Amino acid sequence: MDVYVITSWEDTNGRIYTTSVSVYAYSISEAKAKFKASHPTCKRVTSAHKK
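Residues numbered from 1 in each chain as written. Predicted model: local features only at pLDDT ≥ 70, side-chain atom pairs only at ≥ 80, totals over all residues. Heavy atoms only, no water.

Engineer: Just checking my understanding: could you explain a nonpolar patch on the surface for this structure?
Structural biologist: Taken together, the side chains of M1, Y24 and Y26 present a nonpolar region at the surface, about 420 Å² in accessible area. By the secondary structure assignment, M1 is in the segment before strand 1 (2-11). Taking the relative accessible area as the measure of exposure, M1 reaches 55% and is therefore exposed. (Patch = residues over 30% accessible without salt bridge, like charges linked within 9 Å, V, L, I, M, F, W, Y side chains within 5 Å. Areas by Shrake-Rupley, 256 points an atom, 1.4 Å probe, with all protein chains shown as cover. Salt bridge = Lys/Arg side-chain N within 4 Å of Asp/Glu carboxyl O. Helix = DSSP H or I, 4+ residues; strand = E, 2+ residues; numbered from the N terminus. Buried < 20%, exposed > 50% of the residue type's maximum accessible area, 1.4 Å probe, protein only.)

Listed below in structure tokens is the structure:
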């Protein structure tokens, strides 16, 4: 399992937020899915990278 950092995301109203949230996952797509699951207003993760 790796650590991925979510750096920006878009909410359901189209607003972009910058953040620095670490997520443990096996792939970047799983990390994005976990972030979206824990943030109900998140429409999509716009930027993430492996730490």
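Engineer: Explanation requested: the pattern of salt bridges in the structure shown.
Structural biologist: Opposite charge on two side chains lets them pair, provided their charged atoms get close. Scanning all chains against the criterion turns up three salt bridges. Close ionic contact of R44 with E10 constitutes a salt bridge, the shortest N to O distance being 2.7 Å. Taken together, the residues R44 in strand 3 (residues 42-50) and E10 in strand 1 connect sequence positions 34 residues apart. Its relative accessible area of 11% is what places E10 among the buried residues. Here K34 ties to E30 by a salt bridge, and the two come within 3.7 Å at their closest N and O atoms. One end of the pair, K34, and the other, E30, are both in helix 1 (residues 28-38), four residues apart, so they sit about a helical turn from each other.

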